[in-house]
Every structure is written in structure tokens, then in C-alpha cells.
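In case you want the letters, here they are:
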Amino acid sequence: MSAEDPDGVELVLEPDDHPAVKPFKNAIVADGIPYTSFAVDDVQAEFDRLSALGVKFVQQPANMGPVTTAVFDDTCGNLIQIAASN
């Protein structure tokens with residue numbers, strides 16, 4: 001939830017108390033696999049905005065043909081991707 005849009009989208013992930021979750025989470029992060037992806041209009045603009053707010057990106061904006069993506073750490077052990085069509 002964002003202070004800028006308190007009625008906007010809120011992402012809620014399952015608790016990671018189950019013993020199978022931590023090895024799974026560690027494995028996908030080690031492989032650089034995002035847990036989820038969100039569509040944005042402009043990856044570079046969102047990268048700049050989120051970086052200014054202190055978000056730590058593990059992948060800077062990268063043109064991958066039909067899409068541009070960037071990946072950040074959500075501070076809870078998940079990688080989150082943002083993507084936009086080119």
C-alpha cells in the first residue's frame with residue numbers, strides 16, 4: 001500500500017514460516033528469478049522514482065527485445081520485476 005494511494009493495490013505474500021518456503025525462496029533469489037512481475041508504462045521512469053525512494057535494484061533497466069525489465073529486492077527476501085513493452 002502506498003501513502004500516495006492508500007486505496008491502491010496492495011501485494012500480500014504468504015508467510016514464510018513453513019520449512020519448505022525458505023529453501024525455495026533462497027533458490028529462486030540465488031538464480032535471479034523474480035517472485036512476481038508488474039507492468040509499468042515506463043521502466044526507466046519507475047526505476048528512477050523508486051531508486052530515489054531508496055529501493056535497491058538488483059537489475060537495472062535492461063532492454064530485452066519486446067520488453068524492458070528491472071528487478072528490485074522487496075526487503076523481505078523476494079525479487080520483484082517491473083516490465084514494460086517496447
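A short tour of the structure in this document, coming up. Quick caveat: nothing in here was measured; it's all calculated off a predicted structure.

Calculation criteria
- Residues numbered from 1 in each chain as written.
- Predicted model: local features only at pLDDT ≥ 70, side-chain atom pairs only at ≥ 80, totals over all residues.
- Heavy atoms only, no water.
- Salt bridge = Lys/Arg side-chain N within 4 Å of Asp/Glu carboxyl O.
- Buried < 20%, exposed > 50% of the residue type's maximum accessible area, 1.4 Å probe, protein only.
- Helix = DSSP H or I, 4+ residues; strand = E, 2+ residues; numbered from the N terminus.
- Lys, Arg positive; Asp, Glu negative; His and termini not counted.
- Polar contact = N/O pair within 3.5 Å; in protein donor to acceptor, adjacent residues only side chain to side chain.
- Contact = heavy atoms within 4.5 Å.
- Core = buried A, V, L, I, M, F, W, Y, C linked by side-chain atoms within 4.5 Å.

**Some details on the pattern of salt bridges**
Step number 1: Throughout the structure, instances matching the rule amount to three salt bridges.
Step number 2: Put simply, aspartate 16 and lysine 22 hold a salt bridge, and the shortest N to O gap is 3.5 Å.
Step number 3: Residue lysine 22 is classed as partly exposed on the basis of its relative accessible area, which comes to 46%.
Step number 4: Measuring nitrogen to oxygen at the nearest pair gives 2.9 Å for the salt bridge that ties arginine 49 to glutamate 46. Here arginine 49 pairs with glutamate 46, and both are found in helix 2 (residues 43-52), just three residues apart, close to one helical turn.
Step number 5: Residue classification places arginine 49 among the partly exposed residues on the basis of a relative accessible area of 37%.
Step number 6: Members of the salt-bridge network, linked through shared partners, are Asp16, Lys22 and Lys25.

**Some thoughts on the side chain of aspartate 74**
Step number 1: One can find aspartate 74 in the loop between strand 3 (67-73) and strand 4 (79-85).
Step number 2: One buried charged residue, aspartate 74, remains without a salt bridge, the closest side chain of opposite sign being lysine 25 at 6.6 Å.
Step number 3: Only 2.9 Å separates the side chain of aspartate 74 from the side chain of asparagine 78, close enough to count as a polar contact.
Step number 4: Beyond its immediate stretch of four places on either side in the chain, aspartate 74 contacts Leu13 and Ile80.

**Description of the nonpolar core**
In globular proteins that are soluble, nonpolar side chains generally tend to be buried together.
Step number 1: Counting ten residues, the largest nonpolar core is built from Val40, Val43, Phe47, Leu50, Phe57, Ala70, Phe72, Ile80, Ile82 and Ala84.
Step number 2: Residue assignment for this core shows that the elements contributing at least two residues are helix 2, strand 3 and strand 4.
Step number 3: Those residues in contact with phenylalanine 47, other than ones at most four positions away along the chain, are Phe57, Gln60, Pro61 and Ile82.

By themselves, these observations are geometric and do not establish any function.
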